[in-house]
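If you want the building blocks of each chain, they are given just below.
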Amino acid sequence: MAQSRFIKDTGLTARMTAVMFLLGALFVALIVVLMYALPGYAVVIAIVGLGIAWGQWYFSDRVAMRAMRAREVTAEEAPELHGMIDRLCTMADMRKPRVAIADTPLPNAFATGRSPKRSVVCVTTGIMQTLNAEELEGVIAHELSHVAHRDVLVMTVASSAGIIAGLLTRGAQYGGLGLFGGGGRRGNNNNNPAGVPVWVIALVVSLIVYAVSFLLTRMLSRYRELCADRSGAYLTQKPSALASALQKISGEIANTPQRDLRASQSMNAFFIAPAVRGLSMNAITSTHPSLEQRLDQLARIAAELGRPMDGGPATGPFDGPLGPSGGLPPGPAGG
Amino acid sequence: MGLWNVIRGRSDSTAPNLDSLFALPGAAITLQTSIDLNPTGVGSVCYRAAEGAAAAATQSDAVSLIEADNGPKVETSVDSFGFTWLVVRSTPDDVSGLVTDLHAVNSGLETQGFSSGLLCSMVAFADASGRKAALVYLYKQGTFYPFAPTGPSTRDGLFERQLRDLLSSDLRIEPDIARWMPVWGAPGL
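Reading guide: rules and limits
- Residues numbered from 1 in each chain as written.
- Chains lettered and ligands numbered in written order.
- Predicted model: local features only at pLDDT ≥ 70, side-chain atom pairs only at ≥ 80, totals over all residues.
- Helix = DSSP H or I, 4+ residues; strand = E, 2+ residues; numbered from the N terminus.
- Rg over C-alpha atoms; globule rule 2.2 N^0.38 Å.
- Contact = placed C-beta atoms within 7 Å.
- Core = buried A, V, L, I, M, F, W, Y, C linked by C-beta atoms within 7 Å.
- Buried ≥ 20, exposed ≤ 12 C-beta atoms within 10 Å, placed from the backbone.
- Pairing = 2+ DSSP bridges.
- Axes fitted to C-alpha atoms, helices over the stretch in contact; angles between N-to-C directions.
- pLDDT = per-residue confidence, 0-100.
- Parallel < 35°, antiparallel > 145°, perpendicular 65-115°, else oblique.
- Left-handed = near helix turned anticlockwise from the far one by under 90°.
- Nonpolar A, V, L, I, M, F, W, Y, C, P; charged D, E, K, R; others polar.
- Expected span 1.5 Å × (residues − 1).

Would you mind showing me how to read the overall build of chain B here?
Across its full length, chain B carries five helices and eight strands. Taking 189 residues into account, the globule formula puts the C-alpha radius of gyration at 16 Å, and chain B, at 17 Å, falls close to it. A sequence separation of at least 24 residues applies to 67% of the contacts in chain B between residues at least 6 apart.

What is the right way to look at the nonpolar core in this model?
Among soluble globular proteins, nonpolar side chains are generally buried collectively. Formed by 98 residues in total, the largest nonpolar core has its most connected members in A:Leu88, A:Cys122, A:Ile140, A:Leu144, B:Met122, B:Ala134 and B:Val136. Beyond its immediate sequence surroundings of up to four residues, B:Met122 is in contact with B:Gly43, B:Ser44, B:Cys46, B:Ala134, B:Val136, B:Val183, B:Ala186 and B:Leu189. Of all hydrophobic cores here, the second largest spans 35 residues; its members include A:Leu23, A:Leu26, A:Val209 and A:Tyr210.

Can you help me understand unusual backbone geometry in this one?
Apart from glycine, the bulk of residues carry a negative phi angle, and the bulk of peptide bonds sit in the trans form. The phi dihedral of A:Arg69 is positive, around 50°, even though this residue is not glycine. With respect to the helices and strands, the residue A:Arg69 is situated in the loop between α3 (60-67) and β1 (70-72).

Explanation requested: the sheet that holds strand β3 (residues 84-89) of chain B in the structure shown.
Strand pairing in a sheet takes place through backbone hydrogen bonds and is either antiparallel or parallel in direction. Residue and element names in this part refer to chain B. Here we have six strands laid out as an open sheet, ordered β2-β3-β1-β4-β5-β6, and antiparallel in their pairing. Strands with a single pairing partner mark the edges of an open sheet, and in this sheet they are β2 (73-78) and β6 (143-147). Strand-to-strand twist across the sheet, computed as the mean angle between neighbouring axes with direction ignored, equals 20°. The sheet contact formed by strand β1 (residues 38-47) and β3 spans six bridges and is antiparallel.

Is there a simple way to think about the pairing of strand β5 (residues 132-138) of chain B in this case?
Along any regular strand the residues' side chains alternate between the sheet's two faces. Residue and element names in this part refer to chain B. Here β5 lies mainly inside the structure; six of its seven residues are buried. Of the pairings in the sheet, the one linking strand β4 (residues 118-126) to β5 comprises seven bridges and is antiparallel in character. Among the inter-strand pairings, Val123 is bridged to a residue of β5, identified as Leu135. Counting the residues in the hairpin turn of β4 and β5 gives five residues, including Gly130, whose phi is positive at 95°. Two elements, β5 and β6, share five bridges in a ladder whose sense is antiparallel. By the bridge assignment, Ala134 is partnered in β6 with Phe147. Between β5 and β6, which pair antiparallel one after the other, the connecting turn spans four residues, and Gly142 there sits at a positive phi close to 70°.

Before we go on, may I ask you to explain the sheet that holds strand β3 (residues 109-112) of chain A in this structure?
Residues and elements named next belong to chain A. Taking strand neighbours across the sheet as the criterion, the four strands line up as β1-β2-β4-β3 in an open arrangement whose pairing is mixed. A single partner strand is all that each edge strand has here, and the edge strands are β1 and β3. Each strand of the sheet is rotated relative to its neighbour by a mean of 25°, with strand direction disregarded. Pairing between strand β2 (residues 98-102) and strand β4 (residues 120-124): five bridges, direction parallel. Paired with Ala102 across the two strands is Thr124, which belongs to β4.

Any chance you could explain the confidence of the model for chain A here in plain terms?
Regions with low pLDDT should not have their predicted coordinates read in detail. All names here are of chain A. Within chain A, residue pLDDT values average 78, and 74% of them lie at 70 or more. Note that pLDDT drops below 50 for residues 178-193; the model gives that stretch 24 contacts with residues more than four away or on any other chain. When the criterion is pLDDT under 50, residues 258-262 qualifies, and its contacts beyond four places in sequence or with other chains add up to four contacts.

Explain the packing of helix α6 (residues 133-148) of chain A against helix α10 (residues 198-236) of chain A here, please?
Two packed helices can be described by the angle between their axes and the distance between those axes. All names here are of chain A. Running from amino to carboxyl end, α6 crosses α10 at an angle of 120°, the nearest separation of the two axes being 8 Å. The angle between α6 and α10 falls in the class oblique. Remark: the crossing between α6 and α10 carries right-handed chirality. Seen from α6, the contacting residues are Glu137, Gly138, Ala141, His142, Leu144, Ser145, His146 and Ala148; seen from α10, they are Ala228, Asp229, Ser231, Gly232, Leu235 and Thr236. A breakdown of the residues in the contact of α6 with α10 according to their chemical character gives five nonpolar, seven polar and two charged.

When you look at the interface of chain B and chain A in this model, what are you seeing that I'm missing?
By convention, interface size is frequently given as the accessible area that disappears when the constituent parts associate. At the junction of the two partners, chain B supplies 30 residues and chain A supplies 40 residues. Of all the secondary-structure elements, those providing two or more residues to the side of chain B that touches chain A are α1 (2-8), α3 (53-67) and α4 (95-111) of chain B. Per-class residue counts for the side of chain B that touches chain A are eleven nonpolar, 13 polar and six charged.

Sorry, what's going on with the pairing of β3(B) here?
Residues and elements named next belong to chain B. Bridging between β2 and β3 involves six bridges; their strand directions are antiparallel. Residue pairing across strands places Val78 opposite Thr84, the latter belonging to β3. Between β2 and the antiparallel strand that follows it, β3, lie five residues; Gly82 among them carries a positive phi value of about 85°.

Hey, could you run me through the packing of α3(B) against α4(B) in this one?
Residues and elements named next belong to chain B. At a closest axis distance of 9 Å, the pairing of α3 and α4 adopts a crossing angle of 155°. Taken together, the axes of α3 and α4 lie roughly antiparallel to each other. Seen from above, α3 lies across α4 with right-handed handedness. Here Thr58, Asp61, Ala62, Leu65 and Ile66 of α3 lie close against α4, whose contacting residues are Asp101, Ala104, Val105, Gly108 and Leu109. Residue classes in the contact of α3 with α4 are distributed as six nonpolar, two polar and two charged.

So what exactly am I meant to see when it comes to the environment of A:Arg170 here?
All names here are of chain A. Relative to the helices and strands, Arg170 is located in helix α8 (residues 160-176). Arg170 sits in the exposed class, given 12 other C-beta atoms within 10 Å. Residues Arg170 and Leu207 lie 37 residues apart in sequence; the distance between their C-alpha atoms is 10.0 Å.

Looking at this structure, how should I read helix α1 (residues 10-37) of chain A?
Along an α-helix, residues three or four positions apart point the same way, because every turn accommodates 3.6 residues. Between its first and last C-alpha, α1(A) extends 40 Å over 28 residues, near the 40 Å set by a 1.5 Å rise per residue. Of all the residues in α1(A), the buried ones are A:Leu12, A:Arg15, A:Met16, A:Val19, A:Leu23, A:Leu26, A:Phe27, A:Leu30, A:Leu34 and A:Ala37.

Would you take a moment to explain the confidence of the model for chain B for this structure?
Residues and elements named next belong to chain B. Of all residues in chain B, 99% have pLDDT values of 70 or greater, and the mean over the chain is 89. In the model of chain B, α1 stands out as the element of lowest mean pLDDT, 82, in contrast to β6, which has the highest, 94. Among the prediction metrics, the complex's ipTM stands at 0.90, with pTM recorded as 0.83.

Following this line, the structure appears as structure tokens:
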């Protein structure tokens with residue numbers, strides 16, 4: 001087997017798997033608590049919550065395309081864009097997604113869709129004007145990596161505990177108005193001798209789960225962005241093009257007036273760069289890693305691609321001069 | 001494997017299949033004998049050159065390897081999509097020598113860890129009336145497809161299908177026509 005120049009970032013993989021495990025545990029814990037606190041409602045709440053998550057995933061392409069007012073384009077309408085995606089998909093040996101253009105000056109791009117078969121890669125007219133061909137290719141490779149990594153599915157599954165908790169918070173508020181009566185009374189009699197109404201417990205638990213799940217999914221989203229950056233840079237073999245695209249886009253987005261941004265807030269998780277003002281968001285709640293972190297990773301990939309390999313026998317992948325994860329700044333969890 | 005990759009946020013880059021190229025000389029004979037379509041002696045390798053010194057060194061090594069000992073001339077160009085084309089101009093009667101040269105470029109890139117950047121290889125054909133066609137090899141899929149341009153952005157789909165049917169026993173033809181990527185203005189065609 002030929003030598004690989006792929007950087008195996010063990011630290012990133014470990015952090016990401018840990019977050020996914022925690023989200024899974026949170027989901028299970030929430031369901032268990034529900035079973036004890038509201039035995040009559042637990043199954044219904046879980047099914048409704050999972051149904052909402054399923055719907056978000058299943059209709060992701062249509063919802064996102066409509067939210068962005070994106071229009072699918074044919075190869076005749078946008079030959080350069082299609083040619084670029086054709087070549088990237090051939091190199092990556094992946095199925096070509098549908099291609100769409102959203103007519104907005106906001107420079108951004110996103111990928112969505114429930115499966116690689118149904119996925120759409122969308123670029124805005126703003127990004128096509130802002131970036132040159134090489135940079136645009138870097139951005140599209142990043143989006144294609146989201147498709148290949150099935151990030152829409154991963155993020156939907158990851159957010160299901162949060163969806164159920166959100167549902168429960170709302171339900172518990174109604175419970176306080178007496179609509180949760182049946183479950184509440186039974187809870188009071190059997191499990192809750194102290195006399196605290198069960199809807200208060202449900203409200204507190206669901207608020208905690210919602211907050212924890214919110215932070216964890218945001219963290220996971222940032223890790224997935226780094227993974228997509230990495231795979232995208234390896235696909236185009238030009239980490240510097242993606243780096244300059246990111247710098248241009250984040251500069252432009254920070255300068256865009258707030259008025260334009262409100263419409264696209266629900267889409268932030270799938271964008272190449274978040275459409276929010278950089279300064280107003282702190283590192284913990286951001287859906288995307290800091291520009292600094294992303295450029296650091298791209299610099300390590302560039303170094304690895306430029307490193308001469310003297311044609312010797314394959315010695316296995318190289319971890320980079322700083323060790324398996326040394327080059328990447330610690331994630332927000334670590335500091 | 002698939003699930004594990006999804007969890008880790010990775011996608012395996014498909015390893016290119018380099019050896020299928022050697023089926024080309026047989027296909028060239030079929031084209032010559034059945035429809036008098038002759039190789040022009042021009043072949044090319046199209047790949048994405050990685051940035052940095054290592055890729056540039058690999059490319060110049062490959063070029064000097066082919067040009068050594070009065071070998072064929074190699075032209076290098078970069079197309080509008082940012083892909084590098086190494087065009088080898090050899091004599092029309094030596095298709096197997098041409099294929100060997102193209103293969104040398106591939107193995108050079110592979111040993112240096114750049115095989116994931118290989119896009120396609122192309123060998124050009126033409127008949128007496130001036131009709132042009134190329135057989136394009138997709139490394140990642142390990143399949144060939146015919147490409148017959150008739151203008152700057154038009155292609156002769158009927159002729160391409162005809163070539164597909166002629167060559168189906170010689171080569172593994174890409175079954176999905178959506179993957180018959182047009183390479184308009186490819187150097188050497």
